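Results of the structural survey
Letter by letter, the chains look like this.
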Amino acid sequence: MDIARIQRSVFYRYQHVTGSTCVLVSIRFGTAPPDGPRIVRLLALDRTESVVQFDLSNHVSEILSGVGRANSECGAFLEVEAIEVVPDDHPGKGQVEHIAYQIALAVGQRKIWPQPVISGHLDGSLFHLSLPKCR
């Protein structure tokens, strides 16, 4: 995988096409909501149907599994806050997990710089900046 093709914005994205499978893996790291990552549907300009045509729960599970594996390997603590999906993608079995793992590993190893996690009080009495680390 060419990590130079991972795009960084608020989300880390990687489009993966192999034969008949096609999927955008797009992850926003932050604080994981208690009821699971927020799902954002991306529609092409000529599309109006937002019903996801693939197994969304499996998609989310594969992303969480890939990120978890990367966290374990590099000692990072990345949490999945949100996931973008293209409703008419056609992911293959294990494809999403592999790409999510590669994205999280690149972020965890600082090959792609993550957005810093900043927290504190408005008066500045407490300030915390953290970046995930790998050994």
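Everything that follows concerns the structure shown earlier in this document.
Described in the following lines is the structure provided in the data block. (Residues numbered from 1 in each chain as written. Predicted model: local features only at pLDDT ≥ 70, side-chain atom pairs only at ≥ 80, totals over all residues. Heavy atoms only, no water.)

**Some details on the pattern of salt bridges**
Inspection of every chain in the model, using the stated rule, returns three salt bridges. A salt bridge links Glu81 to Arg28, with the nearest nitrogen and oxygen atoms 3.7 Å apart. Of this pair, Glu81 sits in strand S5 (residues 80-85) while Arg28 sits in strand S3 (residues 21-29), placing them 53 residues apart in sequence. For Arg28, a relative accessible area of 27% corresponds to the partly exposed category. The salt bridge involving Arg69 is made with Glu73; its shortest N-O contact spans 3.7 Å. (Salt bridge = Lys/Arg side-chain N within 4 Å of Asp/Glu carboxyl O. Helix = DSSP H or I, 4+ residues; strand = E, 2+ residues; numbered from the N terminus. Buried < 20%, exposed > 50% of the residue type's maximum accessible area, 1.4 Å probe, protein only.)

**Examining the environment of Glu49**
Position of Glu49 among the secondary structure elements: in the loop between strand S4 (38-41) and helix H1 (56-74). The sequence separation of Glu49 and Pro87 amounts to 38 residues, and the corresponding C-alpha distance is 7.9 Å. Excluding anything up to four places from it in sequence, Glu49 contacts Leu43 and Pro87. (Contact = heavy atoms within 4.5 Å.)

**Section: H1**
With 19 residues, H1 ought to run about 27 Å at 1.5 Å a step, and its terminal C-alpha atoms sit 27 Å apart, in line with that. Among the structural elements, S3, S4, S5 and helix H2 (95-108) are those in contact with the buried residues of H1. With its phi angle positive at about 70 degrees, Gly75 sits one or two positions after the end of H1. (Expected span 1.5 Å × (residues − 1).)

**Section: the packing of aromatic side chains**
For the coordinates displayed, the defined rule picks out one aromatic pair. Ring geometry for Tyr12 versus Phe29: centroids 5.6 Å apart, planes at 45 degrees, classification tilted. Taken together, the positions of Tyr12 in strand S2 (residues 12-18) and Phe29 in strand S3 put the pair 17 residues apart, joining distant regions of the chain. Arg69 extends its terminal NZ or CZ atom over the ring of Tyr101, reaching a point 3.6 Å from the ring centre. (Phe/Tyr/Trp six-rings, centres within 6.5 Å; stacked < 30°, edge-to-face > 60°. Lys NZ or Arg CZ within 6 Å of the ring centre and 35° of its normal.)

**Structural notes on H2**
In this model H2 runs 20 Å from its N-terminal to its C-terminal C-alpha over 14 residues, within 8% of the 20 Å that 1.5 Å per residue would give. By the criterion of burial, H2 is predominantly enclosed, with twelve of the 14 residues buried. Restricting attention to buried positions, one finds in H2 the residues Gln95, Val96, Ile99, Ala100, Tyr101, Gln102, Ile103, Ala104, Leu105, Ala106, Val107 and Gly108. Buried residues belonging to H2 abut S2, S3 and H1. Just downstream of H2 lies Arg110, where phi reads positive at about 60 degrees.

**Describing the pairing of S2**
The sheet contact formed by S2 and S3 spans seven bridges and is antiparallel. Paired with Tyr12 across the strands is Ile27, a residue of S3. In this antiparallel pair of consecutive strands, S2 and S3, the connection spans two residues, and Gly19 shows a positive phi of 55 degrees. (Pairing = 2+ DSSP bridges.)

**Examining the nonpolar core**
If you look at the biggest cluster of nonpolar residues, it comprises 28 residues, and the most contacted ones within it are Val25, Ile27, Phe29, Ile63, Val67 and Ile103. In terms of residue count, the dominant contributor to this core is H2 (nine residues). Those residues in contact with Phe29, other than ones at most four positions away along the chain, are Tyr12, Val67, Leu78, Glu79, Val80, Glu81, Ile103, Ala104 and Val107. (Core = buried A, V, L, I, M, F, W, Y, C linked by side-chain atoms within 4.5 Å.)

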